[in-house]
Amino acid sequence: MERLLTTRLVESLGNLGSEGVPVTSVYLGCENAAAAKQEFLAQFKDLTGKSNAMMSKGRSHSQKASIKGDVEICTQFLENIRKVDVRGLAMFSCSEKGVFESVGVAMPFRPHIIVADSAAVAPLYAALDEFKRIAVCVLDRREAKLYEYFMGRMEEVKVFTDNVPGRVRMGGWSGYEQARIARHIASREFVHLKNVAEILFEQFKLRGFDWLFLGVRSELREDVEHVLHAYVRDRLKGYIDAGLSDSVGQIGKLTRQMAQDLKARENRQLVERLAGAAGAGGPAVTGLRKTLEALNAAAVGMLVVRSDLVRNGVHCGKCGHLGIKSRTCPLCGENMTPAANIIEIAEESAASLGAEIRHVNGESHLDDFEGVGAFLRFPLGK
Ligand SMILES: [Zn+2]
């Protein structure tokens, strides 16, 4: 059912719209994956009920019919879901053109619905950044297992053994023999580690990964790092306390935990960098008003926003100008449309500028700046 989230898919969805034919984009999130279907359905009904007027405002008769068709198709899709193992679901429909796509992810989306001339894909870009593709390699002196972790799913990719003799004490052999055997074992071990490094590099070229986690005893770590290809070594983010006899489930749990910790650290550093840059005069801004100004000036290079942030605002349906309160658009004089959550529209604006979107989960220093800020491509004129 749902497509796998990839950059290519998001880019193709971004090109989905065509002039005059509206695209309905729906984002849903459930807390309990076991009851996802019911939760998604209830949420969708609630969203369409609330947004009905907004969705068809200013639309022609045929556009309204297309939007109505979108709602029917999305409802049907949700009703036909059998088994759900996702917590976030995005649907894109353009019924007049017979286009429908859905994407599932492991984390709930902030529920919202947007009808526009193109698909609203900003939350997918944020999710792409959130879900790192992680290679996990668990190894010892003779064996190795390679796993791939993506969007909460762990998969075993490869298991291999190199024939390295065990390190048993061989009684009765002369000192010379022992030294020779030790050298032999050491060189076989070296070949094994080289093979592991080769397979990791192959995997990197074939599938790509953002991060690498290793499960290996501390005394072997230096040797392993030494043989890794430079590209692969750059992605080594740490070690998990796992061995070859551990189950996929156990290794998946350790991987998930470390990925969450790393992501939290990355986010903390990002927010500190943003606060520092904005404090030093930029080019960066913090706070809602300045961030909207920067979006209006097409200056945003990266939008940083608390993932569950909700703020009222206004936007101009004609030229896309964003604001907090103004009644008429300062650019074109059109009446501004109130938005229950201006953050959703701000994210779409950032995505259309080709800006990166980073979601920060939970409480952070970003809350001191209303939960939002941006790195800019160029300083804003005063
Ligand atoms: Zn305007």
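Residues numbered from 1 in each chain as written. Predicted model: local features only at pLDDT ≥ 70, side-chain atom pairs only at ≥ 80, totals over all residues.

Draft legend 1. Up close: helix α2 (residues 36-56). Taking 1.5 Å per residue as the helical rise, α2 with its 21 residues ought to reach 30 Å, and the 28 Å between its terminal C-alpha atoms agrees with that figure. Lys 50 marks the point of greatest bend in α2, at about 50 degrees. Three or more residues of α2 are buried, namely Ala 36, Glu 39, Phe 40, Gln 43, Phe 44 and Met 55. On its buried face, α2 is in contact with β1 (23-29), α3 (61-80), β2 (88-94) and β4 (112-116). Just downstream of α2, Gly 58 is the residue with a positive phi angle, here 75 degrees. (Helix = DSSP H or I, 4+ residues; strand = E, 2+ residues; numbered from the N terminus. Expected span 1.5 Å × (residues − 1). Bend = angle between axes of the 7 residues up to and from the residue. Buried ≥ 20, exposed ≤ 12 C-beta atoms within 10 Å, placed from the backbone. Contact = placed C-beta atoms within 7 Å.)

Draft legend 2. Here's a closer look at the domain arrangement of the protein. The domains assigned to the protein are domain 1 (1-131), domain 2 (134-246) and domain 3 (265-382). Between the C-alpha centres of domain 1 and domain 2 there is a distance of 43 Å. (Domains from an automatic or database assignment.)

Draft legend 3. View of the nonpolar core. In terms of nonpolar packing, the biggest core is built from 68 residues, with Ala 90, Val 121, Val 300, Ala 350 and Ala 374 touching the most fellow members. Ranked by residue count, the leading element in this core is helix α10 (residues 342-352), at six residues. Inspection of this core shows a minimum of three residues originating in each of domain 1 (1-131) and domain 3 (265-382). Ranked by size, the runner-up nonpolar core spans 27 residues in total, among them Val 138, Leu 146, Val 216 and Met 258. (Core = buried A, V, L, I, M, F, W, Y, C linked by C-beta atoms within 7 Å.)

Draft legend 4. Quick peek at the sheet that holds β2. Sheet architecture is open: four strands sit in the order β3-β2-β1-β4, paired in antiparallel fashion. Each edge of the open sheet is held by one strand with a lone partner, namely β3 (99-105) and β4. Here the strands of the sheet are splayed against their neighbours by 10 degrees on average, with no regard to which way each runs. Bridge analysis of β1 against β2 gives six bridges, and the strand direction is antiparallel. In the strand pairing of β2, Gly 29 is matched with Gly 88. Those strands touched by α2 are β1, β2 and β4, and its axis lies near 40 degrees from that of β4. Against the sheet, α3 engages β1, β2, β3 and β4, with an angle of about 140 degrees to β2. (Pairing = 2+ DSSP bridges. Axes fitted to C-alpha atoms, helices over the stretch in contact; angles between N-to-C directions.)

Draft legend 5. The arrangement of the packing of helix α9 (residues 288-296) against α10 in detail. α10 packs onto α9 with a crossing angle of 35 degrees between their chain directions and a minimal axis gap of 10 Å. Judged by the twist between their axes, the crossing of α9 over α10 is left-handed. Between α9 and α10, the residues in contact are Thr 291, Leu 292 and Leu 295 and Ala 346, Ser 349 and Ala 350, respectively. Class assignment for the residues of the contact of α9 with α10 results in four nonpolar, two polar and no charged. (Left-handed = near helix turned anticlockwise from the far one by under 90°. Nonpolar A, V, L, I, M, F, W, Y, C, P; charged D, E, K, R; others polar.)

Draft legend 6. Up close: the environment of Glu 31. Relative to the assigned elements, Glu 31 resides in the loop between β1 and α2. With 36 residues separating them along the chain, Glu 31 and Ile 67 place their C-alpha atoms 28 Å apart.

Draft legend 7. Quick peek at the sheet that holds strand β16 (residues 372-376). In space, the four strands of this open sheet follow the order β10-β16-β11-β15, with mixed pairing throughout. Taken across any chain shown, the strands that pair with only one partner, and hence form the sheet edges, are β10 (284-286) and β15 (356-360). Going from strand to strand, the sheet's axes swing by 15 degrees on average, the running direction of each strand aside. The sheet contact formed by β10 and β16 spans three bridges and is antiparallel. Note that in β16 the partner of Val 285 across the bridge is Ala 374. Across the sheet, helix α8 (residues 248-279) touches β10, β11 (300-306), β15 and β16, and the angle it forms with β10 is around 100 degrees.

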